[in-house]
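Per-entry structural report
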Amino acid sequence: MPRGESKFDAVKLRALIKEGKNAQQIMDAFGVKKPQLKTYLAKLIQLDEQFYKIAGMEERAVAGAPKFGKNGIHLSAALLKSYGFNPGESFKFSAPEAGKIVLEKI
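Criteria and thresholds
- Note that residues are indexed from 1 along each chain, following the sequence as it is written.
- Residue-level local features of this predicted model are given only where pLDDT is at least 70; pairs of side-chain atoms are given and counted only at 80 or more, and the full residue set underlies all totals for whole chains, interfaces and linings.
- Only hydrogens and water are set aside when side-chain values are computed; all heavy atoms of the structure are taken into account.
- Put simply, DSSP marks the helices as runs of H or I at least four residues long and the strands as runs of E at least two long, and each gets a number from the N terminus on.
- Polar contacts, as used here, are pairs of N or O atoms within 3.5 Å; protein pairs need one atom able to donate a hydrogen and one able to accept it. Residues neighboring in sequence count only if both atoms are side-chain atoms.
- Two strands pair if DSSP finds at least two bridges between them.
- Here a pair means two rings of Phe, Tyr or Trp (six-membered ring of Trp) with centres within 6.5 Å. Their orientation is stacked below 30 degrees between planes, edge-to-face above 60, and tilted elsewhere.
- To sort residues, take the accessible area from a 1.4 Å probe on protein chains only and compare it with the maximum for the residue type: under 20% means buried, over 50% means exposed, and anything in between is partly exposed.
- In this analysis the charged atom, NZ for Lys or CZ for Arg, is taken to sit over a ring once it is within 6 Å of the ring centre and within 35 degrees of the ring normal.
- When a carboxyl oxygen of Asp or Glu lies within 4 Å of a side-chain nitrogen of Lys or Arg, that pair is called a salt bridge.

**Observations concerning the side chain of Lys34**
Here Lys34 lies in helix H3 (residues 34-48). Polar side-chain contacts of Lys34 include one of 2.8 Å to the backbone oxygen of Gly56.

Below is the structure:
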């Protein structure tokens, strides 16, 4: 996509919001960062003349991907919270195939 061309898709954004997706999930779906998502949300509100609230918009953006280092994998609290985990919850870890890790709440 040429630079400057918007990825804004009102139908897709509206559907993701109605499905209850949080800010991180919507940013991942569009391949954008939080400032661009805020612009998209403002456009949708203006188009529909209706207020939409996205969970996680008021929180700090989750920057960067988790990395494997000498002390293991670091998953920040903000990252886990953005995917529906809450402090104190337990989860199951599995690796169903090479190169893929899955965390599931127990």
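**Side note on the pairing of strand S3 (residues 91-97)**
Sheet topology note: the S3/strand S4 (residues 100-105) ladder contains 5 bridges and is antiparallel. Note that in S4 the partner of Lys92 across the bridge is Glu104. Adjacent in sequence and paired antiparallel, S3 and S4 are bridged by 2 residues, among which Gly99 carries a positive phi angle near 85 degrees.

**Some points on the packing of aromatic side chains**
Scanning the model with the defined rule gives 3 aromatic pairs in all. Look at Phe30 and Tyr40: their rings are 5.5 Å apart centre to centre, the planes differ by 65 degrees, and that puts the pair in the edge-to-face class. Here Phe30, found in helix H2 (residues 23-30), pairs with Tyr40, found in helix H3; they are 10 residues apart in sequence, far enough to count as distant. Accessibility assignment for this pair places Phe30 and Tyr40 in one class, buried. The rings of Phe8, Phe30 and Tyr40 are connected pair by pair, giving a single aromatic cluster. The ring of Phe30 is capped by Lys12, whose NZ or CZ atom sits 4.8 Å from the centre of that ring.

**Considerations on the pattern of salt bridges**
Within the structure shown, the criterion is met by 3 salt bridges. A salt bridge links Lys105 to Glu89; the shortest N-O distance between them is 3.8 Å. Residue Lys105 is located in strand S4, and its partner Glu89 is located in the loop between helix H4 (77-82) and S3; the two are separated by 16 residues in the primary sequence. Judged by relative accessible area, which is 46%, Lys105 ranks as partly exposed. Assessed through its relative accessible area of 32%, Glu89 is described here as partly exposed. Linking Glu104 and Lys92 is a salt bridge whose minimum nitrogen-to-oxygen distance equals 3.9 Å. Remark: Lys92 occurs in strand S3 and Glu104 occurs in strand S4; sequence separation between them is 12 residues.

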